[in-house]
Amino acid sequence: MTDETSSAEGETRQAPRYVPGLSAKLLLLTILFVMLAEVLVFVPSVSNFRRQWLMERLAAAQIAALAAEGETMVNRVYHLDRGFERLEEKLVRCGAAIERISA
């Protein structure tokens, strides 16, 4: 199949082809770059939200373990140190016996 058409006089003409103009090309490029920018911003934002949510859940579980009866050992407390100001002082005032053991 060709883009050429024959007329009654024997001349062959090419069928008109749609070629986007400069404004259409710029519009398509703008759309492409906006979509790319949104992906580059959205993906890290979602992963950071998920990470923050998991850290909050972990901190809540560690605090719940401290509230349990008996002895509780919490490993890797940097989550608590980063998330709560003067947590040891506050827990000691509530009656907790806290001891930091360096590994």
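1. Let's talk about the overall build of the chain
- Across its full length, the chain carries 3 helices and 2 strands.
- Secondary structure of the chain in N-to-C order comes out as β-β-α-α-α.
- Put simply, the chain has 103 residues, and 6% of those count as buried.
- Put simply, the chain shows about 9600 Å² of open surface, and 61% of that area lies on carbon and sulfur atoms.

2. What to know about the layout of surface pockets
- Here the largest pocket defines a volume of roughly 800 Å³.
- Around the largest pocket, the lining is made up of 25 residues, and of these Leu66, Thr72, Val74, Ile98 and Glu99 lie nearest the centre.
- For the lining of the largest pocket, the secondary structure elements donating two or more residues are α1 (22-67), α2 (78-83) and α3 (87-93).
- Each residue belonging to the lining of the largest pocket can be placed in one class, and the counts come to 15 nonpolar, 4 polar and 6 charged.

3. Topic: a nonpolar patch on the surface
- On the surface, Leu22, Leu26, Leu29, Leu32, Phe33, Leu36 and Leu40 cluster together into a nonpolar patch covering about 740 Å² of accessible area.
- Structurally, phenylalanine 33 can be placed in helix α1.
- For phenylalanine 33, a relative accessible area of 52% translates into the label exposed.

4. Some points on the environment of alanine 61
- Among the secondary structure elements, alanine 61 is positioned in helix α1.
- Through-space distance from the C-alpha of alanine 61 to that of valine 74 is 10.0 Å; in sequence the pair is 13 residues apart.

Parameters and conventions
- Residues numbered from 1 in each chain as written.
- Predicted model: local features only at pLDDT ≥ 70, side-chain atom pairs only at ≥ 80, totals over all residues.
- Heavy atoms only, no water.
- Helix = DSSP H or I, 4+ residues; strand = E, 2+ residues; numbered from the N terminus.
- Buried < 20%, exposed > 50% of the residue type's maximum accessible area, 1.4 Å probe, protein only.
- Areas by Shrake-Rupley, 256 points an atom, 1.4 Å probe, with all protein chains shown as cover.
- 1 Å grid on protein atoms, 1.4 Å probe; cavity = no way out; pocket = protein on both sides within 12 Å on 5 of 7 lines; lining within 4 Å.
- Points joined across faces, edges and corners; volume = space filled by probe spheres on them.
- Nonpolar A, V, L, I, M, F, W, Y, C, P; charged D, E, K, R; others polar.
- Patch = residues over 30% accessible without salt bridge, like charges linked within 9 Å, V, L, I, M, F, W, Y side chains within 5 Å.
- Salt bridge = Lys/Arg side-chain N within 4 Å of Asp/Glu carboxyl O.

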